[in-house]
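What follows is each chain in one-letter form.
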Amino acid sequence: MAVFTLPPEMISFYKKNIEFITAHSVDPDKRRYASEVEAPRHYIDIDHYSKDGQNPFELMPRRWLDAVEKYSEDTLIAYGIVPWHIASMTIWLTSSFEKGNANDVLRLSAEIGHYIGDAHVPLHTTENYNGQLTGQRGIHGLWESRIPELRADDYDYLVGQAKYIDRPLDAAWNAVEESHSFVDSVLFLEKLVSQQTPTDQKYAFEQRGASTVKQYSQGFALAYDRSMKKMVELRMRKAITMVGSIWYTAWINAGQPNLELLGEKVDLETIAEENKKTEEAFSKGKIKGREHDH
Ligand SMILES: [Zn+2]
């Protein structure tokens, strides 16, 4: 969707490769089960740093080296690094534009889109990321997957044009800070709607292939979404705008290369093959899942 925010010099290249981008936008989530370094890139438990009710965003330095000095690298990695990772990836994307490799540009574009999406999800900014500390286990998937899936057709994803971002690190921090400002409402409203919902109507059993799965009922998910007004849709719209803007920014910073001349054409068959292997390994349990699911 971010593709449609791009200027004419970029849009046709991205449009042509939209399937590739969509396919690769989930790579980071697949990888996190195989790789130790992957998981913390998806979130930041910023409330971990809050002391005596102080605003953690005032305590946490935005620059990586300052943050390392204050809290140590181990601590930062333990509680998540999403804003810094977005900033690093913007630099990697810029250099792949400079080098002119189509595969790298598309892969990094897809992946940075994933992390920017995560940074816009309130539950990716808190230690209580799945409501596990407040008896609301499952809320993560409800907010991030179940509601958007149910509402996808009603959401308006036309978000206007990509804009140049002077300081990607600040933009990433601003996204996280705004996301975090919604955490209390996200949790409170789920409690409230739960109280207003008869217990036997909160969950439903749905047939998925051969198995029956318990999940939030459609009625409950929609009532919860209504209670949050347009929060979910607006967070997604902001994420889409930022994704397009970061792609555009990296391209500008690389000197606006002609994308029609990028080398190494994308080989969709090799990619499909790679994806199949990852999925097979995943389903055979070679790649272990973790409980930490945000
Ligand atoms: Zn993720």
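Nothing here was measured: the structure is a model prediction, and the numbers come from that model.

**Q** Please give an account of the pattern of salt bridges that cites residues and values.
**A** Here the structure, examined in full by the defined rule, presents 18 salt bridges. Among the ionic pairs, Arg41 bridges to Glu38, the shortest N-O distance being 2.9 Å. Under the relative-accessibility criterion, Glu38 is labelled buried at 1%. Residue Glu177 is joined to Arg62 by a salt bridge in which the shortest nitrogen-to-oxygen separation is 3.3 Å.

**Q** I'd love a proper account of the packing of helix α9 (residues 139–151) against helix α13 (residues 218–227), names of residues and values included.
**A** Closest axis-to-axis distance for the α9/α13 pair is 10 Å, and the angle between their directions is 95 degrees. Taken together, the axis directions place α9 and α13 in an arrangement best described as roughly perpendicular. Between α9 and α13, the residues in contact are Ile139, Leu142, Trp143, Arg146, Ile147, Leu150 and Arg151 and Gln218, Phe220, Ala221, Leu222, Tyr224 and Asp225, respectively.

**Q** How would you summarise helix α11 (residues 183–196) if you had to cite specific residues and measurements?
**A** The first and last C-alpha atoms of α11 sit 20 Å apart over 14 residues, in line with the 20 Å expected at 1.5 Å per residue. If you check which residues of α11 are buried, you get Val183, Val186, Leu187, Leu189, Glu190, Val193 and Ser194. As for α11, its buried residues are in contact with α9, α10 (168–181), α12 (199–202), β2 (211–216), α13 and α14 (231–253).

**Q** Hey, could you go over the side chain of Ser96 for me, with residue numbers and the actual values?
**A** Tracing the backbone through its elements, the reader meets Ser96 in helix α7 (residues 82–99). Taking relative accessible area as the criterion, Ser96 reaches 4% and is therefore assigned buried. Filtering out sequence-adjacent residues up to four positions away, Ser96 remains in contact with Asn101, Asp104, Val105 and Leu108.

**Q** Give me the lowdown on unusual backbone geometry, citing residues and values where you can.
**A** What you tend to see is this: most non-glycine residues have negative phi, and most peptide bonds are trans. One non-glycine residue with positive phi stands out, namely Ser72, at about 80 degrees. Following the sequence through the fold, Ser72 ends up in the loop between α5 (64–71) and α6 (73–79). Assessed through its relative accessible area of 30%, Ser72 is described here as partly exposed. Unlike most non-glycine residues, Gln256 shows phi in positive territory, near 50 degrees. Position of Gln256 relative to the elements: it lies in the loop between α14 and α15 (268–283).

So, how was this worked out
- Residues numbered from 1 in each chain as written.
- Predicted model: local features only at pLDDT ≥ 70, side-chain atom pairs only at ≥ 80, totals over all residues.
- Heavy atoms only, no water.
- Salt bridge = Lys/Arg side-chain N within 4 Å of Asp/Glu carboxyl O.
- Buried < 20%, exposed > 50% of the residue type's maximum accessible area, 1.4 Å probe, protein only.
- Axes fitted to C-alpha atoms, helices over the stretch in contact; angles between N-to-C directions.
- Helix = DSSP H or I, 4+ residues; strand = E, 2+ residues; numbered from the N terminus.
- Parallel < 35°, antiparallel > 145°, perpendicular 65-115°, else oblique.
- Contact = heavy atoms within 4.5 Å.
- Expected span 1.5 Å × (residues − 1).

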